[in-house]
Amino acid sequence: MYDYDLLVVGSANADLVIGVERRPAAGETVLGSDLAVHPGGKGANQAVAAARLGARTALLARVGDDGHGRLLLDSQRASGVDTVGVLVGGAPTGVALITVDPSGDNSIVVSPGANARLTPEDVRAAGGLLHASRAVSAQLEIPLETVVEVVRNLPDGTRFVLNPSPPRALPDEVLAACDPLIVNEHEARVVAGDGLGGTPEEWAAALLARGPRSVVVTLGAAGAVVADGTGAPVRVPSVTVDAVDTTGAGDAFTAALAWRLGAGASLAEAAAYAARVGAAAVTRAGAQASFPTAEEVAAL
């Protein structure tokens, strides 16, 4: 019935990465490593992560008609992603400026470029992709009105997964479609819109009360909390690994979760698998280059 296990609607960026001993304070300059350029962007990352795990994956995104755009298209195709939905032109390819410290933590500034030109009209024109997909995932590195249009054109029976990053307040119709809404602590506080205290389990319950069908709160090395209203929120453990670089780990988690949910796994089962995928991703440098195959995940 479905041509694709997962359709990712989102951003495609060139990641410009510099390693630093520490992040500069305001007005300060620090020296870093040689510049490395990698294919990235939350949408492109999720598509590659899912395809590498074995999911039949398509990407709906926009890149510039430039070298960075060609880098991104080549990376998608090499990973087995169908790029029929990747539009070219309108603005330069988006760029993410990333600094990575010795602990593997990163800080990111994004220039959206062509991502900001992915419009609701593009979503409507891609109706065939939406109807051919078992699950659809999105993020917020593209315009919010484009995500709203995805929700409005979502076919019956297609599961919608949203990671609201970078975070912002969400309209009720988007929240109501999320199954699940995937947030880290920072994103949870922004989406909740008021004081979010207590435990991660309480955060998940508070977010669920805002309207999503289900919620996943990611906790890094501490795993995740899942809630779907059928009982108390459940803690899902992670896998202990030596972290090298956390860039893209959240995207790998989201992609794996969306794929497994579309395949019929329960929320807790899908989150447990996604936690293993995310753990495998942090053991290698880079975003897309770090994403594991299904065999590598099984080896954990």
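All values reported here derive from a predicted model rather than from experimental measurement.

Here we look at the layout of surface pockets
Counted as a void, the largest pocket has a volume near 1200 Å³. Lining the largest pocket are 45 residues, and of these Asn-184, Thr-246, Ala-249, Gly-250 and Asp-251 sit closest to its centre.

What about the packing of aromatic side chains?
On inspection of all chains with the given rule, the structure shows 1 aromatic pair. Both rings, one in Trp-259 and one in Tyr-273, keep their centres 6.3 Å apart while their planes meet at 70 degrees; by these two values the pair is edge-to-face. Within this pair, whereas Trp-259 is found in helix α9 (residues 249-262), its partner Tyr-273 is found in helix α10 (residues 267-281), the two being separated by 14 residues in sequence. The same class applies to Trp-259 and to Tyr-273, which are both buried. The side chain of Arg-260 reaches across the aromatic face of Trp-259, ending 4.6 Å from its centre.

Description of the nonpolar core
Burial of nonpolar side chains together is a common tendency in soluble globular proteins. Grouped together as the largest cluster of nonpolar side chains are 44 residues, with contacts concentrated most on Leu-53, Leu-59, Val-216, Phe-253, Leu-257, Tyr-273 and Val-277. Taken together, the elements giving at least two residues each to this core come down to β1 (6-9), α1 (42-53), β4 (57-63), α2 (67-79), β12 (224-227), α9 and α10. Not counting chain neighbours up to four residues away, the residues in contact with Val-277 comprise Leu-53, Ala-252, Ala-256, Pro-292 and Val-297. Counting 42 residues, the second-largest nonpolar core is a separate cluster that includes Ala-132, Ala-138, Ile-142 and Leu-170.

Things to note about the packing of α9 against α10
The geometry of α9 relative to α10 is characterised by a closest axis approach of 8 Å and an angle of 150 degrees between their N-to-C directions. Judged by the twist between their axes, the crossing of α9 over α10 is right-handed. Contact residues: α9 offers Ala-249, Ala-252, Phe-253, Ala-256, Leu-257, Trp-259, Arg-260 and Leu-261, while α10 offers Leu-267, Ala-270, Ala-271, Tyr-273, Ala-274, Ala-275, Val-277, Gly-278 and Ala-281. Taken together, the residues of the contact of α9 with α10 sort by class into 15 nonpolar, 1 polar and 1 charged.

Observations regarding α1
Given 3.6 residues to a turn, an α-helix orients residues that are three or four positions apart in the same direction. With 12 residues, α1 ought to run about 16 Å at 1.5 Å a step, and its terminal C-alpha atoms sit 17 Å apart, in line with that. Buried residues dominate α1, accounting for 11 of its 12 residues. Buried within α1 we find Lys-42, Gly-43, Ala-44, Asn-45, Gln-46, Ala-47, Val-48, Ala-49, Ala-50, Ala-51 and Leu-53. Among the residues trailing α1, Gly-54 stands out with phi positive, at a value near 115 degrees.

Basis of the calculations
The residue numbering used here restarts from 1 in each chain and proceeds along that chain's sequence as written. The predicted origin of the model limits local features to residues at a pLDDT of at least 70 and limits the giving and counting of side-chain atom pairs to 80 or more, whereas totals for whole chains, interfaces and linings rest on all residues. Excluding hydrogens and water, the side-chain values take into account all heavy atoms of the structure. Grid points spaced at 1 Å over the protein atoms alone were grouped into cavities, where a 1.4 Å probe fits but cannot get out, and pockets, open sets with protein on both sides within 12 Å along at least five of seven lines, with lining residues defined by an atom within 4 Å of a point. Grid points are joined across faces, edges and corners, and a volume is the space filled by probe spheres set on the points. Two rings from Phe, Tyr or Trp (for Trp, the six-membered ring) form a pair when their centres sit within 6.5 Å of each other. Planes less than 30 degrees apart are called stacked, planes more than 60 degrees apart edge-to-face, and all others tilted. Helix numbering and strand numbering both begin at the N terminus, where a helix is a DSSP run of H or I of at least 4 residues and a strand a DSSP run of E of at least 2. Whether a residue is buried, partly exposed or exposed follows from its accessible area with a 1.4 Å probe, protein chains only, as a fraction of its type maximum: under 20%, in between, or over 50%, in that order. The rule for a charge over a ring is simple: NZ of Lys or CZ of Arg within 6 Å of the ring centre, and within 35 degrees of the ring normal. Take the buried residues of types Ala, Val, Leu, Ile, Met, Phe, Trp, Tyr and Cys, join any two whose side-chain atoms come within 4.5 Å, and each joined set is a nonpolar core. Here a residue-residue contact requires only that any non-hydrogen atoms of the pair lie within 4.5 Å. Interaxial angles span 0 to 180 degrees and are taken between N-to-C directions of axes, which are lines fitted to C-alpha atoms, for helices over the stretch in contact. Take the far helix as the reference: if the near one is turned anticlockwise from it by less than a right angle, the crossing is left-handed, and if turned clockwise, right-handed. Residues are sorted three ways: Asp, Glu, Lys and Arg are charged, Ala, Val, Leu, Ile, Met, Phe, Trp, Tyr, Cys and Pro are nonpolar, and all the rest, Gly among them, are polar. Expected helix span is given by 1.5 Å per residue-to-residue step, counting one fewer step than there are residues.

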